[in-house]
Amino acid sequence: MRTIHYLMLATGIVAAVAVAAPIMPPPLPDPAAAISPPLPSPPPACVLLDDVFQRPTRQHPEQRQFQLSVDYPTTPPPTVSYPWSDPNHWREYMFAVLRYAYQDNLSNEWYKPASSAATWFHAPWMGHKYSSLNRSGFGGREWAHGLTKEHKTPLRDLSPTMSNSKGQVDNWAVSIYNAPGGYTLRKVWEKICADNANQQAIIFPPGTVVVKLIFTQATSNLVPYLANDVEWKANIDEQHPDNLLPLRLIQIDIAVRDTRADATTGWVFGTFMFDGRRPIDSLWQIDTQKIPKDLRPWFHVYPLGLTWGVDPGRTNNPVELHYDPKLAATIRSPLGLQGRLNGPIDNPRSSCIACHAQAERVSGPKAKPPTERNGFERNLKPGEALTPGLISLDFSLQLKSGIYSYWNKQNANAMSPHINNVAVRQNISGPPAGLRQFPSRPRAVQRGHTRVEGSHGAPSRPRAVQRVMGIPPQPQLFNLPVR
Ligand code: HEC
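Criteria and cut-off values
Residues numbered from 1 in each chain as written. Predicted model: local features only at pLDDT ≥ 70, side-chain atom pairs only at ≥ 80, totals over all residues. Core = buried A, V, L, I, M, F, W, Y, C linked by C-beta atoms within 7 Å. Buried ≥ 20, exposed ≤ 12 C-beta atoms within 10 Å, placed from the backbone. Helix = DSSP H or I, 4+ residues; strand = E, 2+ residues; numbered from the N terminus. Near = placed C-beta within 6 Å. Nonpolar A, V, L, I, M, F, W, Y, C, P; charged D, E, K, R; others polar. pLDDT = per-residue confidence, 0-100. Contact = placed C-beta atoms within 7 Å. Pairing = 2+ DSSP bridges.

A. The arrangement of the nonpolar core in detail. Ranked by internal contacts, the top residues of the largest apolar core, which has 103 residues, are Met-94, Val-97, Leu-98, Leu-213, Phe-215 and Ile-254. Sorting elements by how many residues they give to this core places helix H3 (residues 90-105) first, with ten residues.

B. Representation of the site of the ligand within the structure. As a matter of local geometry, the ligand sits amid 28 residues, with Asp-253, Cys-352, Cys-355, Leu-397 and Gln-398 nearest to it. Of all the secondary structure elements, the ones that give two or more residues to the shell around the ligand are strand E4 (171-177), strand E5 (209-216), strand E7 (245-257), strand E8 (267-274), helix H6 (352-356) and helix H7 (397-410). In terms of residue class, the shell around the ligand is built from ten nonpolar, 13 polar and five charged.

C. Highlighting the confidence of the model for the chain. Mean pLDDT over the chain: 77, with 72% of residues reaching 70 or higher. The low-confidence segment residues 129-137, where pLDDT is below 50, has 27 contacts with residues more than four positions distant or belonging to other chains. Across residues 413-483 the pLDDT falls below 50, and counting only partners more than four positions away or on other chains, this stretch makes 89 contacts in the model.

D. Examining the pairing of E5 more closely. Most of E5 is tucked away: seven of the eight residues are buried. Bridging between E4 and E5 involves seven bridges; their strand directions are antiparallel. Paired with Tyr-177 across the bridge in E5 is Val-210. Bridge count for E5 against E7 is eight bridges, and the pairing is antiparallel. Of the residues in E7, the one forming a bridge with Ile-214 is Gln-251.

E. Structural view of unusual backbone geometry. Look at the link from Ser-333 to Pro-334: it is a cis peptide, with omega at -5 degrees. Within the secondary structure, Pro-334 sits in the loop between helix H5 (325-329) and H6. Phi is positive for Gln-285, close to 55 degrees, though the residue is something other than glycine.

F. Expanded view of the environment of Leu-341. Mapped onto the fold, Leu-341 is located in the loop between H5 and H6. You can call Leu-341 buried: it has 29 C-beta atoms within 10 Å. The contact partners of Leu-341, leaving out residues within four places of it in the chain, are Thr-271, Gly-305, Thr-307, Leu-321, Tyr-323, Leu-335, Gly-336, Ser-351 and Cys-352.

G. Local environment of the environment of Val-209. Structurally, the position occupied by Val-209 is in strand E5. A residue is classified by how many C-beta atoms lie within 10 Å of it, and Val-209, with 25 of them, is buried. In this structure Val-209 touches Val-97, Ala-101, Asn-178, Gly-181, Ile-254 and Val-256, once residues within four positions along its chain are discounted.

H. Inspection of the pairing of strand E9 (residues 301-307) at higher detail. Burial analysis of E9 places seven of its seven residues in the buried class, which makes it a mostly covered element. Strand direction decides the pairing type here: E8 and E9, joined by six bridges, are antiparallel. By the bridge assignment, Phe-269 is partnered in E9 with Thr-307. In terms of strand pairing, E9 meets strand E10 (residues 321-323) through three bridges, oriented antiparallel. Paired with Leu-306 across the strands is His-322, a residue of E10.

Written out as structure tokens, the structure is:
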């Protein structure tokens, strides 16, 4: 049945492109044809020990079980023209990336294919030993979809209708890497398995794509755009391993290593929001009538924004992004620090690239989770670490988390609650220095309150801020016209 659906979907894509040829961009190359599937080969040895961080699979009558996809390619993937190399408009670019991921994964419900070699891969050792999860004791993947727990989101950040709410919701996510990303994961983990002290910089090749599906506990009663949802049932109840609870798709993140962004970071980070109330976007370039009913909700995601830099030093009107202000207004404004890009569930005082710039290799007690304060100073190049002397993990926070978990496992002493609690406290304490450094209108004031959040920062800041504001705007380097 699934295969039939998939064929219908693929035919729909081809048909739509052919019929509408005069007004559509040139037909997209088929990524599956362009990249020959890698031969299955065993993963690096220590990757297989990952299951300490995955809950034991359960026999469940209704629910398939997650399997880690770690038979990474053994040879570097060939240089090909990817579907997103052509589009000149940011929304089309984002749809081209997501369509590429959907073509390979949607009909298989994002599981590792049982019968053929995998073309998408997972990062191992997602133990999150430094995350807030540790407070409840478990940090690995749940067994139904391989989801790991994200930070909580205050409901007021998800929708203007919740602006008076004090509640918070949990979010869970799973990410997949395409073949160039999977090849890099193999290289990294082969070195780590052989010698964990080995500290070589990591660089993902151009063409690497990572897609992250983010699900929330929030419902459409609270957050209106979650109507007509994509629902997954997952074992998010740590006390009861047989229990499955519903989660709803709220956000899809993409990270693409793209040479067109080399003038800033070399990476393009984009985020889609789910909105089940809107019609399916024509930029998908598919015949929407042919989408199987059970897959239709997946097509109700809309490009919220795309960013390729942190806009160093800017205090307002960032330029290293495109975003959709109308869509953003259905969530919150601004989405990220002083208008930088962040997704619905993300911390509005951070931004995609600033947070990911903190992907650097640290071991043991020194390892800290990324914070909302760091990463805004400059645009890092691939392979450049934010902290002098540390090793870059090329914007991959999953690698940071995985390598840290592995280090912890090897160094049992370092797994003491004390160390983990220090990390947890650093994650949640105090007003964000980011706000003090580059103040925007404080969020409390935006909502019509008089209390000024974060105003107890260093008194000498305002003059420094004036100087920062004097910096002339930087040219828009990732040159996709706004549409
Ligand atoms: C405050 C920090 C923070 C912000 C802001 C943030 N992320 Fe992440 N992101 C993480 C962490 C931590 C991980 C690894 C853990 C996980 O996968 O859950 C991650 C994982 C990812 C991954 C999987 C690959 C990788 O690099 O590890 C992608 C893709 C991603 N994020 C995209 C985005 C996008 C797009 C945005 C902005 C819309 C964003 N992130 C904002 C912290 C952040």
